[in-house]
Amino acid sequence: KWDQTYDVVVLGSGAAGMPAAIAARDGGASVVVVEKNWDVGGRAILSGASIQLGCGHRLQVEAGVHDTPDQFFLDWTGSRGQAPEGIDPKRWGNDGWNPLAKTNDRDIIRAFADNAVDSFNFLEANGVKWRGLGGIRGPGSPNVPRQANAAPWPDKSGWIISPRPGSGMGSGLIRPLQKSAEAKGVKILLLHRMRVIHREQPTSGRVIGITAEIVDKWNKPTGKTVNIRARKGIIIATGGPSANYDIRRIYDPRLTEEYSHWGAQYSTKDADGELAGMAINASLWTACNQINLGDRQVDRPGGALGTEFTIGGRLIDLDSPMFFKQGTQGLSMSDWQNGIMVQENGLRFDEETLRGKPLGSPGWRKHIDAALQWNGSTKRLNGGGPIWGIFDSAAVEREKWKLEMPYVDKNGGFFFEADTIESLAPKLVANKYSSRPMPPEALRATVDRYNSFVDSGKDTDYGKPTPMYKIEKPPFYAAWATPPLHDVFAGLRINKDAQVIDVHGQVIPGLYAAGESASGISQHGLAKGIIFGRLAGIHAAKQQAS
């Protein structure tokens, strides 16, 4: 029994879902967006809204930047070719800046490249404004600046991350699309969590609709469900499996439970779309690609210490609309000369400052691999285990921190203090992700050895630049510093029209996927969601209604 009927049902309202809904509606379809959160936007609304489109969009042309779909294709497939006139041959093609590029699905990259400029124009036509061009050597821009940076949404009541410098960018992408979608007649159902995608037969035939569970703001079921018929198509844009341990460990067995993900309390990323798709025979794809793990609290100075959840290594303001779920803000370490990081075994694993090694650099990847190394626990062989920031009261004074709720999470087991190093170590076993007590003698020896580096002025273990401060003034502190996952580079298999492919290599009629729920491109960011969400909406709207 269908409670509601639409031509196209879009699952998720983020960087893939919103363009999918608008494109389908522009194609004449009736459209509903099913969103389990209390507001729209998913991870995209928390982002910096730097969209790695490239391929010759208007901002590039106006800046005198030469870029083409062909150049993008070469860059993102690790290929080489004849450099066009005016381009340095040494900077043409892939020079190893993205080691995963060679594993990308070339059909997907070609579709991305050929539709990037139209997708940029689509965003402009639906109200997105820009603050400029960026990304000269950032991800997705090995040769030329490609990022189109959205301007902040002017109404701060529409921000999810509270007003502060650098905020509102994600809202500057999502809110215009939401406004345009609603103006065009797209229906948005909040607090509706998709649970089942139905086919004509359990594993064959067209997809015909979904069952959604009505939930509260905490994503808890209310006991009510709704069945929504889809006459033309269903588009999965639920955000990827970053929080689903079983799915994400298909790609990297080390990614066990201790790793949260960026924006976890707003964008849950629990693989709803992937699981529902797999239940009706959808295939996963590009399993050789990885989940991008990293945060400033581990790979660069700064971050959010003493709390389980972060948003891109940034502190969340106390008046943020999502703070009721976050609960604690965390501490930002302005200078990692003020502390060290240790694994559950009480040992350092790398140098903490990593100055001059930006996100994505070889130094960053080395640091993350070090954090994921086995820590010697016989109870947990996979995963790196908890990472803790260790510092003393002198560091607290230098950083000017407050060490109470809501700044640190003492009640949840993510921040501890003690009068001695030896008494601090065993307390950490109270953390829910700990597999064993930290050996007090190991942490004591680590701190003593580090203090000796301050005396000598040289870190002979990991090369931390001129260690400055001893850890010697009680009380002593341990703050959660375990890196969260960033995003997903693999998901359901799709073709160039964003149609989902089954385990036998055949299209599942009427089913689409985009963004982090889809696969084929090892690109971090918003562009792949925007492009393939739009393509999914265009294609779905053209289908014969069932």
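*Asks:* Explain the nonpolar core here, please?
*Replies:* As a rule of thumb, nonpolar side chains are buried together in soluble globular proteins. The biggest cluster of nonpolar side chains holds 94 residues, and the ones touching the most others in it are Leu123, Leu173, Ile197, Ile210 and Phe532. The residues touching isoleucine 197, leaving out its near neighbours within four places in the chain, are Leu11, Val207, Gly209, Ile210, Ile234, Ile236, Ala276, Gly277, Ile280 and Leu511. In terms of nonpolar packing, the next biggest core, distinct from the first, is built from 22 residues, Ile340, Ile421, Tyr433 and Ile471 among them.

*Asks:* Which parts of the structure should I look at to understand the packing of helix α3 (residues 69-77) against helix α4 (residues 106-125)?
*Replies:* Angle between the axes and distance between the axes: these two values describe a pair of packed helices. With their axes 9 Å apart at the nearest point, α3 and α4 run at an angle of 150° to one another. For the element pair α3 / α4, the angle class is roughly antiparallel. For the pair α3 and α4, the crossing hand works out as right-handed. Counted together, Pro69, Asp70, Phe72, Phe73, Trp76 and Thr77 of α3 and Arg106, Ile109, Arg110, Phe112, Ala113 and Asp114 of α4 form the full contact between these two elements. Across the contact of α3 with α4, the residue classes break down as seven nonpolar, one polar and four charged.

*Asks:* Explain the packing of α4 against helix α14 (residues 527-541) here, please?
*Replies:* Interhelical geometry of α4 versus α14 gives an angle of 85° and a closest axis separation of 9 Å. If you check the angle between α4 and α14, you find them roughly perpendicular. Within the contact between the two elements, α4 uses Ile108, Ala111, Phe112, Asn115, Ala116, Asp118, Ser119, Phe122 and Leu123 and α14 uses Ala527, Lys528, Ile530, Ile531, Phe532, Arg534 and Leu535. Partitioning the contact of α4 with α14 into residue classes produces eleven nonpolar, two polar and three charged.

*Asks:* Looking at this model, I keep getting lost on the packing of aromatic side chains. Mind explaining?
*Replies:* Aromatic rings in a pair are described by how distant their centres are and how their planes are angled relative to each other. Scanning the entire structure with this criterion turns up 13 aromatic pairs. Arranged with centres 5.3 Å apart and planes meeting at 90°, the rings of tryptophan 218 and phenylalanine 324 form a pair that is edge-to-face. Of the two residues, tryptophan 218 sits in the loop between β8 (204-215) and β9 (221-236) while phenylalanine 324 sits in helix α9 (residues 323-326), which places them 106 residues apart along the sequence. Taken together, the ring pairs in this structure connect Trp388, Phe414, Phe416, Tyr433 and Trp480 into an aromatic cluster. Residue placement shows arginine 493 over the ring face of tryptophan 285; its charged tip is 3.7 Å from the ring centre.

*Asks:* In this structure, what is going on with the confidence of the model for the protein chain? I would like to understand it.
*Replies:* This prediction gives the protein chain a mean pLDDT of 89; 88% of its residues lie at or above 70. Segment residues 137-141: pLDDT under 50, and 14 contacts once partners within four positions in sequence are set aside and those in other chains are kept. In this model residues 296-302 is a low-confidence stretch, pLDDT under 50, and it forms 43 contacts with partners more than four residues away in sequence or in other chains.

Rules used throughout
- Residues numbered from 1 in each chain as written.
- Predicted model: local features only at pLDDT ≥ 70, side-chain atom pairs only at ≥ 80, totals over all residues.
- Heavy atoms only, no water.
- Core = buried A, V, L, I, M, F, W, Y, C linked by side-chain atoms within 4.5 Å.
- Buried < 20%, exposed > 50% of the residue type's maximum accessible area, 1.4 Å probe, protein only.
- Contact = heavy atoms within 4.5 Å.
- Axes fitted to C-alpha atoms, helices over the stretch in contact; angles between N-to-C directions.
- Helix = DSSP H or I, 4+ residues; strand = E, 2+ residues; numbered from the N terminus.
- Parallel < 35°, antiparallel > 145°, perpendicular 65-115°, else oblique.
- Left-handed = near helix turned anticlockwise from the far one by under 90°.
- Nonpolar A, V, L, I, M, F, W, Y, C, P; charged D, E, K, R; others polar.
- Phe/Tyr/Trp six-rings, centres within 6.5 Å; stacked < 30°, edge-to-face > 60°.
- Lys NZ or Arg CZ within 6 Å of the ring centre and 35° of its normal.
- pLDDT = per-residue confidence, 0-100.

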